Protein chains: 2
Amino acid sequence: MADKKIGKQTVKLSNPPSIISTASIVGPKEGEGPLKDYFDVILNDDLFGEDSWEKAESKMNREAIRQALTKINMKPEKIDYLFGGDLLNQIISSSFAARELKIPFFGLYGACSTMTESLSLAAMIVDGGYADYAAATTSSHFSSAERQFRFPLELGSQRPPTAQWTTTGSGAAILARDGDGPFITHITTGRVMDFGIKDANNMGAAMAPAAADTLIRHFEDTGFKPSSYDLIISGDLGTVGKQLTIELASKNGYDISRNYTDCGVEIFDLAKQDVHAGASGCGCSAVVFCGYLYKELQKGNIKKLLLMSTGALLSPTSTAQGESIPGIAHAVTIEAGRRS
Amino acid sequence: MADKKIGKQTVKLSNPPSIISTASIVGPKEGEGPLKDYFDVILNDDLFGEDSWEKAESKMNREAIRQALTKINMKPEKIDYLFGGDLLNQIISSSFAARELKIPFFGLYGACSTMTESLSLAAMIVDGGYADYAAATTSSHFSSAERQFRFPLELGSQRPPTAQWTTTGSGAAILARDGDGPFITHITTGRVMDFGIKDANNMGAAMAPAAADTLIRHFEDTGFKPSSYDLIISGDLGTVGKQLTIELASKNGYDISRNYTDCGVEIFDLAKQDVHAGASGCGCSAVVFCGYLYKELQKGNIKKLLLMSTGALLSPTSTAQGESIPGIAHAVTIEAGRRS
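Residues numbered from 1 in each chain as written. Chains lettered and ligands numbered in written order. Predicted model: local features only at pLDDT ≥ 70, side-chain atom pairs only at ≥ 80, totals over all residues. Heavy atoms only, no water.

J.: Teacher, can you tell me more about the packing of aromatic side chains here?
T.: Pairs of aromatic rings are described using the distance from one ring centre to the other and the angle between the two planes. Counted according to the given criterion, the structure contains 16 aromatic pairs over all chains. With a centroid separation of 5.3 Å and 25 degrees between ring planes, the pair formed by Phe83(A) and Phe106(A) is classed as stacked. One end of the pair, Phe83(A), is in strand E4 (residues 81-86); the other, Phe106(A), is in strand E5 (residues 105-107), and 23 residues separate them in sequence. Residue Phe83(A) is classed as buried on the basis of its relative accessible area of 0%. A residue is classified by how much of its surface remains accessible, and Phe106(A), at 0% relative accessible area, is buried. With centroids separated by 5.8 Å and ring planes inclined at 90 degrees, the aromatic side chains of Phe224(B) and Tyr229(B) adopt a geometry described as edge-to-face. With relative accessibility at 3%, the residue Tyr229(B) sits in the buried group. The ring centre of Phe48(A) lies 4.5 Å from the NZ or CZ of Lys59(A), which sits over that ring. (Phe/Tyr/Trp six-rings, centres within 6.5 Å; stacked < 30°, edge-to-face > 60°. Helix = DSSP H or I, 4+ residues; strand = E, 2+ residues; numbered from the N terminus. Buried < 20%, exposed > 50% of the residue type's maximum accessible area, 1.4 Å probe, protein only. Lys NZ or Arg CZ within 6 Å of the ring centre and 35° of its normal.)

J.: What is the right way to read the environment of Ala64(A) from this model?
T.: Residue and element names in this part refer to chain A. For Ala64, the location among the structural elements is in helix H1 (residues 53-71). The spacing of Ala64 and Val26 is 38 residues in sequence and 9.7 Å in space, taken between C-alpha atoms. Excluding residues within four positions of it along the chain, Ala64 makes contact with Ala23, Ile25, Ser170, Gly171 and Ala172. (Contact = heavy atoms within 4.5 Å.)

J.: Please clarify how the environment of Lys299(B) should be interpreted in this entry.
T.: Residues and elements named next belong to chain B. Take Lys299: it is sitting in helix H8 (residues 282-299). Note: C-alpha distance between Lys299 and Ser113 (186 residues apart in sequence) is 26 Å. Of note is the side chain of Lys299, whose polar atom sits 3.1 Å from the side chain of Glu296. (Polar contact = N/O pair within 3.5 Å; in protein donor to acceptor, adjacent residues only side chain to side chain.)

J.: Please explain the confidence of the model for chain A as it appears in this structure.
T.: Low-pLDDT portions of the prediction should not be read for the details of their coordinates. Confidence in the prediction for chain A averages 96 pLDDT; 99% of positions are at 70 or higher. For this predicted complex, the interface score ipTM comes out at 0.97, alongside a pTM of 0.98. (pLDDT = per-residue confidence, 0-100.)

J.: Any chance you could explain the side chain of Ser24(B) here in plain terms?
T.: Residues and elements named next belong to chain B. Of note, Ser24 is situated in strand E2 (residues 18-26). Its relative accessible area of 0% is what places Ser24 among the buried residues. Look past the residues within four positions of Ser24 in its chain and what remains in contact with it is Tyr38, Phe39, Asp40, Val41, Ser170, Gly171, Val287, Cys290 and Gly291.

J.: It is not clear to me how the nonpolar core should be interpreted in this structure. Could you clarify?
T.: Here is a general trend for soluble globular proteins: nonpolar side chains tend to be buried in one another's company. Residues Phe289(A) and Phe289(B) are the most contacted members of the largest nonpolar core, which totals 101 residues. Contacts of Phe289(A), omitting those with residues within four sequence positions, involve Ile19(A), Thr22(A), Leu119(A), Tyr294(A), Leu297(A), Leu305(A), Leu307(A) and Ile334(A). (Core = buried A, V, L, I, M, F, W, Y, C linked by side-chain atoms within 4.5 Å.)

J.: I keep staring at the pairing of E2(B) and nothing clicks. Help me out?
T.: Within a regular beta strand, the side chains point alternately toward one face of the sheet and then the other, so they alternate between its two faces. Residues and elements named next belong to chain B. Of all nine residues making up E2, eight are buried, and the element is well covered by its neighbours. Where E2 meets strand E8 (residues 169-176), eight bridges bridge the pair, whose relative direction is antiparallel. Paired with Ala23 across the strands is Ala172, a residue of E8. When E2 meets strand E3 (residues 41-42), the two strands line up parallel, connected through two bridges. (Pairing = 2+ DSSP bridges.)

J.: What am I meant to see in the packing of helix H1 (residues 53-71) of chain B against helix H2 (residues 92-101) of chain B here?
T.: Each packed pair of helices is defined by two parameters, the angle between the axes and the distance between the axes. Residue and element names in this part refer to chain B. Packing of H1 against H2 leaves a shortest axis separation of 8 Å and a crossing angle of 50 degrees. By the criterion of interaxial angle, the relationship of H1 to H2 is oblique. When you trace H1 past H2, the crossing you get is right-handed. Counted together, Glu54, Glu57, Ser58, Asn61, Arg62, Ile65 and Arg66 of H1 and Ile92, Ser93, Ser94, Phe96, Ala97, Glu100 and Leu101 of H2 form the full contact between these two elements. (Axes fitted to C-alpha atoms, helices over the stretch in contact; angles between N-to-C directions. Parallel < 35°, antiparallel > 145°, perpendicular 65-115°, else oblique. Left-handed = near helix turned anticlockwise from the far one by under 90°.)

J.: Explain the relation of the copies chain B and chain A to me, please; I cannot follow it from the model alone.
T.: Copy one and copy two of the chain differ by a rotation about a common axis and a shift along it. By a simple turn and slide, chain B fits onto chain A: the slide is 0.0 Å along the axis, the RMSD is 0.0 Å, and the turn is 180 degrees. Given the turn and translation reported, the copies of this chain are related as if by a two-fold rotation axis. If distances are taken from each C-alpha of chain B to the rotation axis, the shortest is found for Leu108(B), at 2.0 Å. (Least-squares fit on C-alpha atoms with pLDDT ≥ 70 in both.)

Quick look at the structure:
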């Protein structure tokens, strides 16, 4: 058997890569939320000096990687691989960022699960001896996502209470063979799950079965319990999906109610910022991890984290053709301090 | 230094994975071309019994994986990871296929470079001891691509001579730690290159600089020469891009004119099948490899192959916003017979 497999969907890394730098850039609304002090850059204008939201998103993506590199005084040429993706059709945000950076590029699409998809692949490639350094990144933008997936913003369409607000932001992480941590130690890769939800304004419910499936599989494969972690955090399930995930995990014998939350619930002040069920978008778990969680891991306030970004794999075409919304979730264990 | 790196963009695998099975499914037009005897399934109708081209494409994707597994009497549960992507927005073809198969799934987007992107990642993950078995796949469909990227087919728009014809087809390959080959031995991962081409009907020219860049980097990193290979084959550059790639390689001191061709040139009879500059689409290199080349490697008629799928990373939105078309190319060395 493959020597790093420790269960059906989980691998344990033998030389856990160190996350040696991260950077986060967010939009104005995210910069008014409760995590504002953790972000590296808060934009005053979500066009970021560009003439379209799509170009602004790509610029955030590129600048997040550049900032993460600048912090450690590293040039893009040192990075062996860039793993990145985003929500835009043909992932133009990431591809155009990769064009400027000239780093060998693996383009990904995992919808809002992309941050842990990119961290998973980057970690295995560094752990396996294929790279000294790898970058993992993703981005999303409220305005580019709304007009692609839903309606032109100019229409002013009303949003139902289960709707989530796409995060404007990009996060980038640099992984290295050597370093002082935090370290990626375990990776549980998700399967596509579909419980038949067809409402594109209720993506939390569509993603919850995938989140619960990956979580249960992670505990079974590793032998970890919910209490093994200081914090378990999903990507962008929002209030509806978070509650469903707690219930689904509980039905399978895992009580995560005490130390589990969701990036989409934490990034905004839900009572004041009018985002209904919380945030969504691949940028959500990207900036919450690269901003808030990474810094708390560095300080030692979090010692062991399970980060699980969650994606809804729909397209406007699949919805128009009557398909339900499949979901996927990928989980990575991140430990502060010395390698265990 | 990472022990498997042998140059800036290339890794040499230490336990080269064996490609133990492949399958290919193509549309009616591909089934009339010169490679028709190599494909496992030729559809009579490009709807494949479904009510939309998108659903037909997803079914091809799923069935190609199932056929590749059936040939070796293996169940989907044995596969540790599925690496796949396609051209459709939010890669719905691959995601919906992964939903049926329930294999842990890494969604990719590399446009028409996806077949070698999926082979590259699957090979590293198997070589590195993270998986016993991995599947690599991609698909494209003429009719779903035309209406997404260009015009509704019902318009009957004219196509300029540089235009290419999106392949209807899907190919899947199963990689294993053990087996009798053919083996993936080297991987050169591409950078995003952009020479400023803005004509979405001339993608061969847009992709050629990326193809030449990866090719030159591959020769420099490995020390191989063009003559080290029985065959060097790119993904879907067509006649225009193929000629440009020969010229760009020649300017850099590499004469590939004797043993180089392009999957997009080989899959159709260009004189008779009215496809202008040849084929495109991620399905093109997928079915040419999983159909034709794999069988020739098994027979020993090809002993050493460089397969380099090539992608144009545009979207209708990026084109509408005045962006040029970036390209990318990923190359994998595939050797018949015993591990070297």
